[in-house]
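# Close look at the chain arrangement
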Amino acid sequence: MNQTELLNALAGLTLFSDLDQPQLESVAHTLSAESFPAGQRILRQGFSGSGFFVILEGEVGVRVDGEDVARLGRGDFFGEISLLLGEPPVADVVAESPVKVLQLAGPQLRDFLLEHPPVMFRMLQSVSRRLERANRRG
Amino acid sequence: MTSTTPSPGPGWATPPHPPGTYPVLVVGSGPGGLQASYYLSRRGIDHAVISADPGPGGMFRRFPFFQRLLSWTKPHVPLAHDTKEYERYDWNSLVAFEPEHRGIMPSLMDGSTEFPSRAEMEEGIRRFAERTGLSVRYQTPWQGTSRDGEHYVLHTPAGEYRSRVIILAVGVAEPLLPETPGIEHAVHYVDTREAASYAGKRLFIIGKQNSGFELANGLLHWASPIILASPRSAHLSVNLHSLSGVRARYIQPWEDADTGGGVFILNASIERITRHSTGLSVHTRRSDTSEPFIAEVDEVIAATGFRAPLLDLESVGVITFGRSGLPIMTNAYESATAPGIYFAGTIGQGVSGLKKYGIASNSGAVHGHRYNARLLVDDVAGRYFGMERQRPELPPGEVVGRLLTSASTAPELWHQKSYLAHAVSRDPDGRIRDEGIVSLAEYVDAAGPDGAAITVETDDRGDIHPALYVRRHGRVDVDVALESSPLLDFRSPEHHARLSTLVADVLG
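Described below are features of the structure shown in this document. (Residues numbered from 1 in each chain as written. Chains lettered and ligands numbered in written order. Predicted model: local features only at pLDDT ≥ 70, side-chain atom pairs only at ≥ 80, totals over all residues.)

### What to know about the overall build of chain A
Threshold: Helix and strand definitions follow DSSP, with helices as H or I runs of at least four residues and strands as E runs of at least two, each counted in order from the N terminus. With C-alpha atoms as the basis for the radius of gyration, the globule rule is written as 2.2 Å multiplied by the number of residues raised to the power 0.38. Buried residues are those with 20 or more other C-beta atoms within 10 Å of their own C-beta, exposed residues have 12 or fewer, and partly exposed residues lie in between; C-beta atoms are placed from the backbone. By the criterion used throughout, residues are in contact when their C-beta atoms, derived from the backbone, lie within 7 Å.
When helices and strands are tallied, chain A shows five helices and eight strands. In sequence order, chain A lays out its α and β elements as α-α-β-β-β-β-β-β-α-β-β-α-α. The C-alpha radius of gyration computed for chain A amounts to 15 Å, which stays within 12% of the reference 14 Å derived for 138 residues, consistent with globular compactness. Dimensions of chain A along its principal axes, counting C-alpha atoms only, are 40 × 30 × 25 Å. Relative to its full complement of 138 residues, chain A shows a buried share of 40%. For chain A, the share of sequence-separated contacts (at least 6 apart) that also reach a separation of at least 24 residues comes to 72%.

### Quick look at the nonpolar core
How we decide: By definition, a nonpolar core groups buried Ala, Val, Leu, Ile, Met, Phe, Trp, Tyr and Cys residues that are joined through C-beta atoms within 7 Å.
Core analysis: the largest hydrophobic core is formed by 97 residues, its most contacted members being B:Ala36, B:Ile167, B:Tyr342 and B:Ala421. Here this core takes six residues from helix α7 (residues 366-385) of chain B, the largest share from any one element. Among the nonpolar cores identified, the runner-up in size contains 34 residues, and A:Ile42, A:Phe52, A:Phe53 and A:Leu104 belong to it.

### Digging into the environment of B:Asp82
All names here are of chain B. Within the element layout of this structure, Asp82 appears in the loop between β3 (47-50) and α2 (104-108). Here Asp82 falls in the partly exposed class, since 13 other C-beta atoms lie within 10 Å of it. As a C-alpha pair, Asp82 and Glu100 span 18 residues in sequence and 6.4 Å in three-dimensional space. Residues within four places of Asp82 in sequence aside, it is in contact with Pro99, Glu100, Arg102 and Gly103.

### Structural notes on the interface of chain A and chain B
Facing 30 residues of chain A, the contacting portion of chain B comprises 32 residues. Elements represented by at least two residues in the side of chain A that touches chain B include exactly α1 (3-11), α2 (21-30) and β1 (32-36) of chain A. For the side of chain A that touches chain B, the element with the most residues is α2(A), which contributes seven residues.

### Remarks on the sheet that holds strand β6 (residues 159-163) of chain B
Residues and elements named next belong to chain B. To be explicit about the condition: The pairing criterion for strands is at least two bridges between them, as found by DSSP.
Reading across the sheet, the four strands line up as β1-β6-β5-β4 and stay open at both edges, with mixed pairing between neighbours. Every other strand in the sheet has two partners, leaving β1 (20-21) and β4 (144-148) as the edge strands with one partner each. Alignment of β4 against strand β5 (residues 151-156), held across five bridges, turns out to be antiparallel. Bridge assignment links Asp148 to a residue of β5, and that residue is His151.

### Topic: the pairing of strand β13 (residues 279-286) of chain B
Residues and elements named next belong to chain B. Sheet topology note: the strand β12 (residues 263-276)/β13 ladder contains eight bridges and is antiparallel. Across the sheet, residue Arg272 finds its bridge partner in β13, namely His283. As consecutive antiparallel partners, β12 and β13 are separated by two residues. The antiparallel hairpin formed by β13 and strand β14 (residues 292-297) contains five residues in its connecting segment, where Ser290 sits at a positive phi of about 65°.

### Comments concerning helix α8 (residues 399-409) of chain B
Of all the positions in α8(B), only B:Val399, B:Val400, B:Leu403, B:Leu404, B:Ser406, B:Ala407 and B:Ser408 are classed as buried. Residues of α8(B) that are buried sit in contact with α9 (411-415), β20 (420-426), β21 (432-439), β22 (451-458), β23 (464-472) and α11 (493-507) of chain B.

So, in structure tokens, the structure goes:
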């Protein structure tokens, strides 16, 4: 994936959809591209020092205490809840296929969101949707 | 072709490793390829090494550009140069089991600086290969790849090489230029000219990572102004607690920028470069406000990184990712999608490990990947040659002391923090086994016997401490950070007592 393809991929993700080109380029240079083979844990339940991840390609499974609770794919993100709360993740996230992600170091998430308010707003929307769904189920 | 070849003298002996079928093939004669070849030879695995270069050294035959490395070899620490523990202070020597082959780099340096010259590094690599008896067929470039049954086939001008197992150590060394319109008016870092030729020039450097700052630092008293620009703000290694940030060696330009001395550091995307009669215009847009800014300069250098030259490997199933074109790999550096193809050396940085607090491994540098090579070769030995890892028995009374000694002195744990670990396990018969150095990600994610692994970690405050991962009932559920200590030696009675408690149920 070259830089143009990466920028196009980023622009197509809801999380970054309100950013202009220079801001997208800044995001592309701030987050690091990582890949994981199928079966590899990306986020580890109960472990300190985790990060924030945005899926570019592939599927991941979300598991709590070994039980599948959700699947995530392109454009979805994970890891933010434990970073915002300052606690270890409450779920494992495991690659279901070869997965390509963008990763942000956990300690950088706060500054990143403050520097990019439109991303923070989109993240808040997404978290609100999850909360709404959970409330309905409850 | 004549059937008899006159011998023109020394150095013209028949090159080793003629084309053919081998148990393992290694490509590359830099630190990555030679370290892998060393471990293969010590496991008794027959293999051929081929290289495009005329001699050993890899990237150090040419780089770094200003001929001085930024990795230490400290000669005057209170440890003998032939000990394993000394490797913590010597980032540049390749590593060996035999004491007489250790610590080659300090023997080549005059002691005036802890940073070896490029030429010293190249010579150190050459001596390691010579002393440890490694054999390379030089001037035999890998030009293409195909598959023939269970074998991969590497095509070279000398002929075809076949093997089930290929170890590629070709570096992350292919210049990477952005697709910016007008980039043809810039040169890549690798084509930077002699420093004096930039005297009085207005210079624009694209990129604010180490290579960009290295150039700015080296050209500081020649070019003026120097503008460093890229979309992302620069980070210092001392703030990130990671060598992925700009190294302290290169921050003179940063201080210069802070004092208005003629260096400018901009967060901006580079939109295009145009040439006109008096120079170059670099059209940029600020990352925060999108305001346009045009820099008028004489020269543009793109310090925009490198990619792995993996040729046509995608045709045999290797999948790559990211700007650097790194393959998706297992924790043992095998392609996750083309079994039998392994990657040694700097390409191993594509295996991110736990990356706790965002701190990357040092696999992109010699002092990190020289240890990865042993894990790689152990995996090859086990999976393709049925050889078992050595797992010496450990008296239960020695477990805690052994782990704390590793956390305090093992170079693998200090150079690959949160990435490599020392593991000890309990067999079903109750015997305690020393598993040696393992991949921490593999230890915490794969099933295995109960036990514990210790590593060294740096957290987001920069605190360096041992961390313990205990495997119970086949799973690692939590990490435990142990207390640090003022001089980072964790062999105190308090550490001993704490660790004893933590592992009592699995290793007691």
